[in-house]
Each structure stands twice: as C-alpha cells, then as structure tokens.
Amino acid sequence: MEDHNDLYSNVLHEERPLIEFPIILKIFAIIFFLIISAGLLVFPWYITAFLFFGFCFSIAVFFNLYIGTLIFIAGAYLHPTVLFPALQDFHIARNLAFGVIFIWGFHTIVYRDFKLVKAPQNLIIVLFSLLFFASTFMEFDYSFPLFIEIVSKAVILYFAVANIVKTRFQLIFLLWFLFILGFVSASVGIVQYIMGIGLREGTSVRIMGLTENPNTLAAELVFLVPVLIGLFRCSKKMLAKGVIFLFFSLIAAGIILTYSRAGMLALVFVSFLAVKRFMFRRLNAFIALIIAVIILAILIFVLMPFLPDEYKDRMQTITETREASIRSRFDAWVVAWDTIVHHPLVGVGPGVFQREFVYNAITSPGIKTKFLLLHAHNLYLNVAAESGLPAVAMLILLIYFSWRYFRNSSFILEKKGDIVLSNISAGFEISIVGFSLMNMVSSHIEALIFWILLGISVVLMELSNDK
C-alpha cells in the first residue's frame, strides 16, 4: 500500500507544469514594463507615466489585495472631485470600486484562495441591495444611476474590508489610515474656515472639508471620536497620547466648524459615552454617569469662550421649532410618512423623495416649507419612502448585527487581554450608536465610513474568535 501511494505521489509530482501560472504572470509583468519603457520613444512622457503607474497599481493590488482596499478607501473618502470638478465625469471612486473587484476576481481565479467570511451581514447587505435595486424600477432612468453610484462603492467596500483585512496589524494600520484621512479632511475644513470658503448661511461659513455638504463632513468625522478616546485611554507612551490628542482636537474642531447641529449633538453624545466607557468603567454605573456628565459640562464651559459667536447662536436654535431648517424637517417627515403609506413595498425610487416633497409643497397647504429638500432628514424614513419598508428593515438589521458584533468582540478581546483591540471595538460600538441617532435627523446612507464600519465589525469578530 505504501509503495502504491509513493508511486502515485511521484506521478503527480512529475505531472506538475514546469512553470506555474503565477510565475508566468510575473514574467509577463516584467516584459510589459520593458514595453512601457520603450513607449517613451513613441508616446509623450505623461502617457507613458500614466501607463506605468496604472500598471504598478494593478500589479500591487493583484499580489496584495489589501493595498487595493486602502487605495479604494482613500479614493472614496477623500472625494477628489470636490477639489477637482473636472474629474466628476471620470467617476473615480466608482471606477476604483469596479477595478478592485475585477482584480480581486482575477487574483482569486489564479490563486484560488478566496474564502468568504461567514457573517449575517453578508446576506443582509445582499438583500438590501436587491431591494434597493427593485425600487429603481419606479423611476429607472433617474434612480438606476444613483443605485450604481451608491451600491458599487458601499457594497464592494464592505466586502473588501470584511474579507481582505485578516490580521491584527492590517486592522490597526487601516484604522490609522482612516485617522489620517479624517485628519486631512478636517484640516482642509479648518483652512476653509480661515479663508472664508464654504457654505455661507448669514454671517457664518460652514466648512465642507473634502465633501460637498457640511453635515456629511460632520458624519464622517464623528465616527472616529470614540475610537480615538479609547486608544488614548489604553496608550502608555506619551508620544502616542500626544498624536491621538492632536488628531482628536482637529477632528472635533472640524465637526464644530461644520455648524451641524446633528453633528454637535452626536459629538457630545459619543464623547459622553466614550468617557463613561473608557475612563470610569470599573465604577458603579450611576457614579460613572454622574462623573462623565460633570467632566463634559466642565469641558463645554471651558471651551465655550473659544467657540465662534455664530456657532453658539446656531446651537441655540436646536429647540426653536419655528426656525426654518428645523420646521422643514417636520414637513419632510410628514411627506415621507405619506409616501410610505402609498408605496410601502418598493417606495418611489432612490433619489425621488425630493420630487415628492416639491409636489406636496405645491399642492398641500399643510406643508409650509417651500424650498427644495433633497432627502427626508431621517435615514430610516428616507430609505422607507424611496425603497420600501423591507429595505429599511434590512438596514436596521445591518446596524443591529454590526453593533452586536462590536459589543461581543469587545468583551471577548478584553478577556483575552488585548485591550487595544477591545477598546477599538468598544469605540466603534459607540460610533454606530451615534450614527443611528444622528440619522434620526439626517440621512447619510452615502457616507462610506458607515459601510467601512460594517466591514470592520466582521473583522473584529473574526479576530476575537481567532484561537
């Protein structure tokens, strides 16, 4: 029997090809680089440079999909078309998404190393996408491009993060990469404030950073706050604490200068929960709550003199229901609810709510707001109105399972003694709660940091279960 097995193994060994397919690809890459170099004799230098760097990018992504994920996140998060409007026709983030998924598929065919991470979010996000797609048939010509723009980036981003980020080092590097992107976006916003560039409302200038909307910038930045506080708490080196504090200060300043009321409430809320969770966790829950409230009250009192007068005036309007922006939210909710009643299954189509609002503003005497609203200023009402109640149910399940993954992985990692990853997971647990509450008065389904967060929840659960 042993002789038969040895003979069979020798036959298999002899039947292996002299050159494996991955090696053929490497040889092809070298030859292609030589051809590109020779292209300098025929083409202008910038075309040759474009081909060279594009091919380098493709090679890097093919042999290390993690690099492609980082590049895709940077392209999606930094919104390059805001600074360079001429690039809008190229749809950079969307094309990066399709490029990454194409190279990912080709890599999988060659190496056969693809293994989908098991998580309920996988099925839920596919069902959400299908329901989202079904709603486009209500106004296909208008809604389908919006569907492609959101799903191509959001869903691919989720699956890329959840399935490609596999090690502790990769996760922490990705996290710092997000910190740097947030730092850059907030810094651009602060420069905008200094130079008086942004969305003007009365005498105030609301910064937008690298986004197209101050509220979007606030939503993208507020995610990072609880994680920074958690890392500050567990960092032992003063240099690390100093860097984290610098990032936190600039990101918090960026949120404040957006003049976003929802952003301000979310910032206070997540900061309060993070201080309570990380600083006073071992104390009695009631005592920790009182101490956290006192600390935040002192911080607000100390920072109040340094805040712009326009910012303080705007925050005071939060309770003024007659203020135009707040009153318009009530009108938007009424229109959204009426739309849900008439179109409960598939909605009216992605992006079509604004048309429904205009129609109601003209025909209904009860709607006092006469200016255009792009969405319902409530994520859940907006998704239900545009894509139906089943779609919003899937969205709520996505948030719930991701929150539960963060919460469970935080406790598991703490028991294993990995305080850094435990605090990161607990910080994101707070972030997703803050996102859920912030979107009660806003709508940021297009915020790609949210879809990154869903992917990170799966990564942290996998790491916590890794023996």
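Thresholds, definitions, all that
- Residues numbered from 1 in each chain as written.
- Predicted model: local features only at pLDDT ≥ 70, side-chain atom pairs only at ≥ 80, totals over all residues.
- Heavy atoms only, no water.
- pLDDT = per-residue confidence, 0-100.
- Helix = DSSP H or I, 4+ residues; strand = E, 2+ residues; numbered from the N terminus.
- Buried < 20%, exposed > 50% of the residue type's maximum accessible area, 1.4 Å probe, protein only.
- Core = buried A, V, L, I, M, F, W, Y, C linked by side-chain atoms within 4.5 Å.
- Contact = heavy atoms within 4.5 Å.
- Axes fitted to C-alpha atoms, helices over the stretch in contact; angles between N-to-C directions.
- Parallel < 35°, antiparallel > 145°, perpendicular 65-115°, else oblique.
- Left-handed = near helix turned anticlockwise from the far one by under 90°.
- Nonpolar A, V, L, I, M, F, W, Y, C, P; charged D, E, K, R; others polar.
- Patch = residues over 30% accessible without salt bridge, like charges linked within 9 Å, V, L, I, M, F, W, Y side chains within 5 Å.
- Areas by Shrake-Rupley, 256 points an atom, 1.4 Å probe, with all protein chains shown as cover.
- Salt bridge = Lys/Arg side-chain N within 4 Å of Asp/Glu carboxyl O.
- Phe/Tyr/Trp six-rings, centres within 6.5 Å; stacked < 30°, edge-to-face > 60°.
- Lys NZ or Arg CZ within 6 Å of the ring centre and 35° of its normal.
- Expected span 1.5 Å × (residues − 1).

Participant: What should I look at first to understand the confidence of the model for the protein in this one?
Facilitator: Should the pLDDT be low somewhere, the predicted coordinates at that spot are not to be read in detail. On average, the protein scores 80 in pLDDT, and the residues at 70 or more come to 72%. At the level of individual helices and strands, the protein shows its lowest average pLDDT in helix α1 (residues 2-15), which scores 49, and its highest in helix α19 (residues 389-416), which scores 94.

Participant: Sorry, what's going on with unusual backbone geometry here?
Facilitator: Working note: non-glycine residues mostly have negative phi, and peptide bonds are mostly trans. Phi is positive for Tyr-259, which is not a glycine, with a value near 60°. Of note, Tyr-259 is situated in the loop between α12 (238-257) and α13 (261-279). Judged by relative accessible area, Tyr-259 falls into the buried class, the value being 1%. For His-377, which is not glycine, the phi torsion reads 55° and is therefore positive.

Participant: Sorry if this is basic, but what is going on with the nonpolar core here?
Facilitator: Soluble, globular proteins show a tendency: their nonpolar side chains are buried together. Counting residues in each nonpolar core, the largest one holds 109 residues, and the members touching the most others are Phe-428, Trp-451, Ile-456 and Leu-460. If near-sequence neighbours (up to four positions away) are discounted, Leu-460 is found in contact with Leu-171, Phe-406, Ser-409, Leu-413, Leu-421, Ile-424, Ser-425 and Phe-428.

Participant: It is not clear to me how the packing of helix α10 (residues 214-222) against α12 should be interpreted in this structure. Could you clarify?
Facilitator: Any two packed helices are characterised by the angle at which their axes cross and by the distance between the axes. Viewed as axis vectors pointing N to C, α10 and α12 meet at an angle of 155°, and their least axial separation amounts to 9 Å. By the criterion of interaxial angle, the relationship of α10 to α12 is roughly antiparallel. Note on packing geometry: the crossing formed by α10 with α12 is left-handed. Contacts between α10 and α12 involve Ala-218, Leu-221 and Val-222 on the former and, on the latter, Ile-251, Gly-254 and Ile-255. Along the lines of polarity and charge, the residues of the contact of α10 with α12 split into five nonpolar, one polar and no charged.

Participant: Teacher, can you tell me more about the side chain of Asn-122 here?
Facilitator: Among the structural elements, Asn-122 can be located in helix α7 (residues 120-135). Apart from residues no more than four positions distant in its own chain, Asn-122 is found in contact with Leu-116, Val-117, Tyr-158 and Phe-159.

Participant: Explanation requested: the side chain of Ser-402 in the structure shown.
Facilitator: Take Ser-402: it is sitting in helix α19. Residue contacts for Ser-402: discarding those within four places in its chain leaves Gln-121, Ile-432, Leu-454 and Ser-457.

Participant: Would you take a moment to explain a nonpolar patch on the surface for this structure?
Facilitator: Taken together, the side chains of Val-191, Tyr-193, Ile-194, Met-195 and Ile-197 make up a nonpolar region of the molecular surface, amounting to roughly 500 Å² of accessible area. When you line up the elements, Ile-194 lands in helix α9 (residues 168-195). Classification of Ile-194 as exposed rests on a relative accessible area of 67%.

Participant: Would you mind showing me how to read the packing of aromatic side chains here?
Facilitator: Given two aromatic rings, their pairing is described by the distance between the two centres and the angle made by the two planes. For the structure shown, the criterion picks out 22 aromatic pairs. Between the aromatic rings of Phe-133 and Phe-147, the centroid separation amounts to 5.3 Å while the plane-to-plane angle is 50°, which identifies the pairing as tilted. Taken together, the positions of Phe-133 in helix α7 and Phe-147 in helix α8 (residues 140-164) put the pair 14 residues apart, joining distant regions of the chain. Since its relative accessible area comes to 29%, Phe-133 is described here as partly exposed. On the basis of an interplanar angle of 20° and a centroid distance of 4.8 Å, the ring pair of Phe-140 and Phe-144 is categorised as stacked. Of this pair, Phe-140 and Phe-144 are both found in helix α8, four residues apart, which corresponds to roughly one turn of the helix. A relative accessible area of 32% places Phe-140 in the partly exposed class. Given the relative accessible area of 26%, Phe-144 is considered partly exposed. What links up through ring pairs into an aromatic cluster is the set Phe-128, Phe-132, Phe-133, Phe-137, Phe-140, Phe-144, Phe-147, Phe-223, Phe-435, Phe-450 and Trp-451. It is Lys-241 that lies over the ring of Phe-232; its NZ or CZ is 4.4 Å from the centre.

Participant: What should I look at first to understand the pattern of salt bridges in this one?
Facilitator: Between side chains of opposite charge, a pair can form when the charged atoms approach closely. According to the stated counting rule, one finds five salt bridges in the structure shown. Arg-355 is paired through a salt bridge with Glu-139; the nearest N and O atoms lie 2.8 Å apart. In this pair, Arg-355 is assigned in helix α17 (residues 353-363) and Glu-139 in the loop between α7 and α8, connecting sequence segments 216 residues apart. Judged by relative accessible area, Glu-139 falls into the partly exposed class, the value being 28%.

Participant: I keep staring at the environment of Ser-410 and nothing clicks. Help me out?
Facilitator: Relative to the helices and strands, Ser-410 is located in helix α19. Among the residues examined, Ser-410 registers a relative accessible area of 0% and is labelled buried. C-alpha of Ser-410 to C-alpha of Gly-427: the two residues are 17 residues apart in sequence and 9.1 Å apart in space. If sequence neighbours within four positions are ignored, Ser-410 has contacts with Arg-277, Ser-422, Ser-425 and Ala-426.

Participant: I tried to follow α19 on my own but got confused; where do I start?
Facilitator: An ideal rise of 1.5 Å per residue puts 40 Å on 28 residues; α19 measures up with 41 Å between its terminal C-alpha atoms. Two residues or fewer after α19 comes Gly-417, characterised by a positive phi angle close to 90°.

Participant: Could you clarify how one ought to interpret helix α21 (residues 448-465) in this entry?
Facilitator: In an α-helix, one turn spans 3.6 residues; hence positions three or four apart end up facing the same way. Here α21 spans 26 Å end to end across 18 residues, near enough to the 26 Å set by a 1.5 Å rise per residue. Of all 18 residues in α21, 16 are buried; the element is thus mostly enclosed.

Participant: What exactly am I supposed to notice about the packing of helix α20 (residues 419-438) against α21 here?
Facilitator: Put simply, α20 and α21 touch, their axes get as near as 11 Å, and they point 145° apart. The two elements α20 and α21 cross, and the hand of that crossing is left-handed. In this structure, α20 contributes Leu-421, Ile-424, Ser-425, Phe-428, Ser-431, Ile-432 and Phe-435 to the contact, and α21 contributes Phe-450, Leu-453, Leu-454, Ile-456, Leu-460 and Leu-463. Residues that form the contact of α20 with α21 fall into these classes: eleven nonpolar, two polar and no charged.

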